[in-house]
Amino acid sequence: MLAAAMSWNKARSFVLFLIFAVTLRVTFSIPPDYARVRRALIDAELAMQIGGNGSDLSPLEQKLNGVMLDEKKKIVEAARVNGSYFPAGYDFLSSRAAMETTMSFKIIQQMPKGGVLHVHDMSLTSIDWLIQNVTYRDNLYMCVDKHYSVKFHFYSSPPSNPGCPWKLVQTYRKECGDPKVFDKLLHSNITMVTDDPAKAYPDIDAVWDKFMAYFGKVSGLMLYAPVFEDYLYEGLKQFRQDNVQYLEIRALLSPVYELNGTTHDLEWVLDVYQRVITQFVKDYPDFSGGKIIFSGHRSSSGSVVLADVKEAMILHQKYPTFMVGFDLVGQEDRFHSLIYYIDDLLYPSQQNPPVHLPYFFHAGETDWQDTATDYNLMDALLLNATRIGHGYALYKHPLLLQKIKQRQIPVEVNPISNQVLKLVDDLRNHPAASLIADNFTLVISSDDPASWEAAPLTDDFYVTFMALTGEEAGLATLKQLAKNSIWYSAMTMAEKKAAFSLWERKWDVFIKNTAKQLGLLRDRHVFAEY
């Protein structure tokens, strides 16, 4: 058997040699006129993509770009020719560790990435922080149901709960004997990360069930009033540490509860968001702030969504530069489509005078073409959405693509989310690759990074760099995506200008520091720029 394997390896090597030899022959025998026209065609197409062909990069940026592209090409070619492991092409839940070993990942980690315009309230802050901080607080109870799934709640005295009796987390941890072992068990119960994603999540409904269970576990921890502010502040800190300077948070504005069982209303919750973000900007002046997009849920009745829309109108009028619009969240295929709520969503425009309520709809997060879910994209356009969340199915609608591009309606692309939630297995096949190649109006966001333990934005930027763009797309594309996240945000023009000025300063420092670390400043001509 070993001899056979050796023979196969020799044969495979010989075939690869022949391919290489033929490639060399073709390369060196291309007629000059043909080669010139061919290169011009390639360059023209590269110039069309987001970031163009990188011709506006400074000499130092070009050097850094060269370093990143050298590594990218080596990884891509090794996988393409030799079948080597290509982490960005595999499920993030099992490939993250390999991605983080690359130099490009570390560079992108330090890169000022602008803002995250699509992220949800209950997946801002890491599971590790919840376990190490929140689960060690007094009065926290936990129950374990028949499916061995945990739930949390803070009580002064817990109510009877026969199907899932409450017990202090402190008691569970003490009974376990080893706090580290107990915390590891909690972590594995909450997270979506698993050793075998294909087995754990055989289809889209299975992974969404686990995803929704995550929110059920986290909500009891973060919606407790004494935790809520700390959770938000820590989340902002984690995004800033990942070199994100601005957030737009999809928030359900769920009731926040006190130990005695009383709850706070929507406006109280919104005031906490505003107060915490304002304080964070004071503490960290290199952070541009954040805004809230109030979100209803697609499982709700029409009357509930209408009530949410009316509440959103009031809050937007009262906090016009902070509560910037309305969305509907939840699994699109499983719950109601936008057309189901059409009367409720048209309500603001039918008032006298009409009330402008910006919409930021999740739409097209599906692989079922020409269905009610798929047509959410049509309704997002007709309802004048300010931005479209996901837009995964857009590539199946050429006319819609044309209209959205003409109107410059930005699409919030969340590549890792789309992969983890089973819309696409290999991110090289993500439809956003064609949008990037065509300089479409889009931003890269992270959706729910804490639930699958992604970095706040670096992982999504890295897979965009490695899998959603070609071998020759590098720093210029990433730079433009960072700019997009500021210019396509819901900030006022004055806020955008201030945020962009801050981003430019951060970018210049990043380029200089990274170039110094990589020894790229030895060139006196390049160094003279600084």
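Residues numbered from 1 in each chain as written. Predicted model: local features only at pLDDT ≥ 70, side-chain atom pairs only at ≥ 80, totals over all residues. Heavy atoms only, no water.

If you look the protein up in an unreviewed UniProt entry, it shows as adenosine deaminase from Batillaria attramentaria. One UniProt comment on the protein, placed under Subcellular location (unreviewed entry), says "Secreted". What UniProt records for the protein under Catalytic activity (unreviewed entry) is the sentence "adenosine + H2O + H(+) = inosine + NH4(+)". (UniProt positions renumbered as here; feature names shortened; annotations may be inferred.)

Undergrad: Any chance you could explain the overall build of the protein here in plain terms?
TA: A tally of helices and strands in the protein yields 22 helices and 13 strands. Compactness check: the protein gives a C-alpha radius of gyration of 25 Å against a globular reference of 24 Å for 530 residues, within 12% of the reference. Projecting the C-alpha coordinates of the protein onto the three principal axes gives extents of approximately 80 × 65 × 50 Å. Evaluated residue by residue, the protein yields a buried proportion of 51% over its 530 residues. (Helix = DSSP H or I, 4+ residues; strand = E, 2+ residues; numbered from the N terminus. Rg over C-alpha atoms; globule rule 2.2 N^0.38 Å. Buried < 20%, exposed > 50% of the residue type's maximum accessible area, 1.4 Å probe, protein only.)

Undergrad: Looking at this model, I keep getting lost on the sheet that holds strand β5 (residues 246–251). Mind explaining?
TA: Each strand in a sheet pairs with its neighbour through backbone hydrogen bonds, running either in the same direction (parallel) or in the opposite one (antiparallel). Pairing is parallel in the open sheet, where four strands are placed in the order β1-β5-β8-β9. The open sheet terminates on both sides in strands that have one partner only, identified here as β1 (115–120) and β9 (323–329). Each neighbouring strand pair of the sheet contributes to a mean axis angle of 25°, computed without reference to strand direction. Of the strand pairs in this sheet, β5 and strand β8 (residues 289–297) are connected by six bridges, and their pairing is parallel. Among the inter-strand pairings, R250 is bridged to a residue of β8, identified as I293. (Pairing = 2+ DSSP bridges. Axes fitted to C-alpha atoms, helices over the stretch in contact; angles between N-to-C directions.)

Undergrad: Would you mind showing me how to read the state of the cysteines here?
TA: Disulfides are covalent bonds that connect the sulfur atoms of two cysteines. Under the defined criterion, the tally for this structure stands at one disulfide. For C143, the disulfide goes to C164, at an S-S distance of 2.1 Å. Between C143 and C164 the sulfur-sulfur dihedral comes to about 95°; the bridge is accordingly right-handed. Here C143 is found in strand β2 (residues 140–144), whereas its partner C164 is found in the loop between β3 (150–154) and β4 (167–168), with 21 residues between them in sequence. Of the cysteine sulfurs around C176, a residue in no disulfide, the closest is that of C143, at 18 Å. (Disulfide = S-S within 2.5 Å.)

Undergrad: Whenever I open this one, the confidence of the model for the protein confuses me. Can you help?
TA: Interpreting fine coordinate detail is not advised for predicted regions of low pLDDT. For the protein, mean pLDDT is 92; residues scoring 70 or higher make up 93% of the total. Taken together, the stretch residues 1–11 has pLDDT below 50 and engages in zero contacts with residues farther than four places along the chain or on a different chain. (pLDDT = per-residue confidence, 0-100. Contact = heavy atoms within 4.5 Å.)

Undergrad: Honestly, the UniProt feature "domain: Adenosine/AMP deaminase N-terminal" (unreviewed entry) in the protein in this entry has me stumped. Any pointers?
TA: Mapped onto this structure's residue numbering, the UniProt feature "domain: Adenosine/AMP deaminase N-terminal" (unreviewed entry) falls at residues 31–107. Taken as a whole, residues 31–107 contains 70% helix and 0% strand, while its terminal C-alpha atoms sit 39 Å from one another.

Undergrad: Which parts of the structure should I look at to understand the pairing of β8?
TA: For a regular strand, side-chain orientation follows a simple rule: the groups alternate between the two sheet faces. The buried fraction of β8 amounts to nine of the nine residues, a majority that puts the element mostly inside the structure. Side chains G289, K291, I293, S295 and H297 of β8 all project onto a buried face; the interleaved residues G290, I292, F294 and G296 project onto the opposite face, where all are buried too. Across six bridges, β8 lies against β9 in parallel orientation. Note that in β9 the partner of I293 across the bridge is G325. This β-α-β element, β8 to helix α13 (residues 302–318) to β9, shows right-handed connectivity. (Right-handed = clockwise from strand over helix to strand, strands pointing away.)

Undergrad: Sorry, what's going on with the pattern of salt bridges here?
TA: Applying the stated rule across the entire model yields 23 salt bridges. The partner of D230 in a salt bridge is R137, with the nearest N and O atoms 2.9 Å apart. Here D230 is found in helix α11 (residues 225–241), whereas its partner R137 is found in the loop between α6 (127–132) and β2, with 93 residues between them in sequence. Classification of D230 as partly exposed rests on a relative accessible area of 33%. Of the charged contacts in the structure, one is a salt bridge between E412 and R387, with a shortest N-O distance of 2.6 Å. (Salt bridge = Lys/Arg side-chain N within 4 Å of Asp/Glu carboxyl O.)

Undergrad: How should the packing of aromatic side chains be read in this particular structure?
TA: Working definition: an aromatic ring pair is given by the centre-to-centre distance plus the angle between the planes. Taken as a whole, this structure holds 24 aromatic pairs when the rule is applied. Ring geometry for Y392 against Y395: centres 6.3 Å apart, planes inclined by 85°, an arrangement best described as edge-to-face. Note on Y392: relative accessible area 5%, which makes it buried. By relative accessible area, Y395 is classed as partly exposed at 41%. Aromatic rings pair up to connect W208, F211, Y214, F215 and W452 into one cluster. One cation-aromatic arrangement involves K72 over F465; the distance from NZ or CZ to the ring centre is 4.5 Å. Stacked on the ring of Y136, the Lys or Arg R173 has its end atom at 3.6 Å from the ring centre. (Phe/Tyr/Trp six-rings, centres within 6.5 Å; stacked < 30°, edge-to-face > 60°. Lys NZ or Arg CZ within 6 Å of the ring centre and 35° of its normal.)

Undergrad: What am I meant to see in the environment of H362 here?
TA: As for its placement among the helices and strands, H362 is situated in strand β10 (residues 360–363). Setting aside residues up to four positions removed in sequence, H362 forms contacts with H118, H120, R250, R298, D327, L328, V329, E332, G389 and H390. Looking at H362, its side chain comes within polar contact range of the side chain of H118, at 3.1 Å. Within the local environment of H362, its side chain forms a polar contact with the side chain of H120, the two groups lying 3.3 Å apart. (Polar contact = N/O pair within 3.5 Å; in protein donor to acceptor, adjacent residues only side chain to side chain.)

Undergrad: Explain the sheet that holds strand β13 (residues 442–444) here, please?
TA: Taken together, four strands build an open sheet; the order of strands is β10-β11-β12-β13 and the sheet is parallel. Of all the strands in the sheet, the pair left with one neighbour each is β10 and β13. Shown here is a sheet whose adjacent strand axes are inclined to one another by a mean of 25°, direction ignored. As paired elements, strand β11 (residues 387–390) and strand β12 (residues 411–413) share two bridges and run parallel to each other. In the sheet register, G389 faces β12, and the bridge partner there is E412.

Undergrad: Honestly, the nonpolar core in this entry has me stumped. Any pointers?
TA: The nonpolar side chains of soluble globular proteins are, as a tendency, buried together. Within the largest apolar cluster, 149 residues are counted, with the highest numbers of intra-cluster contacts made by L247, L253, Y273, L345, L442 and W452. Excluding anything up to four places from it in sequence, W452 contacts F92, L93, M192, V193, F211, I416, S417, V420, L421, S446 and D447. Y141, C143, C164 and W166 belong to the second-largest nonpolar core, a separate cluster that totals five residues. (Core = buried A, V, L, I, M, F, W, Y, C linked by side-chain atoms within 4.5 Å.)

Undergrad: Could you clarify how one ought to interpret the side chain of R387 in this entry?
TA: Examined against the element boundaries, R387 turns out to sit in strand β11. Judged by relative accessible area, R387 falls into the buried class, the value being 0%. There is a polar contact of 3.1 Å between the side chain of R387 and the backbone oxygen of L117.

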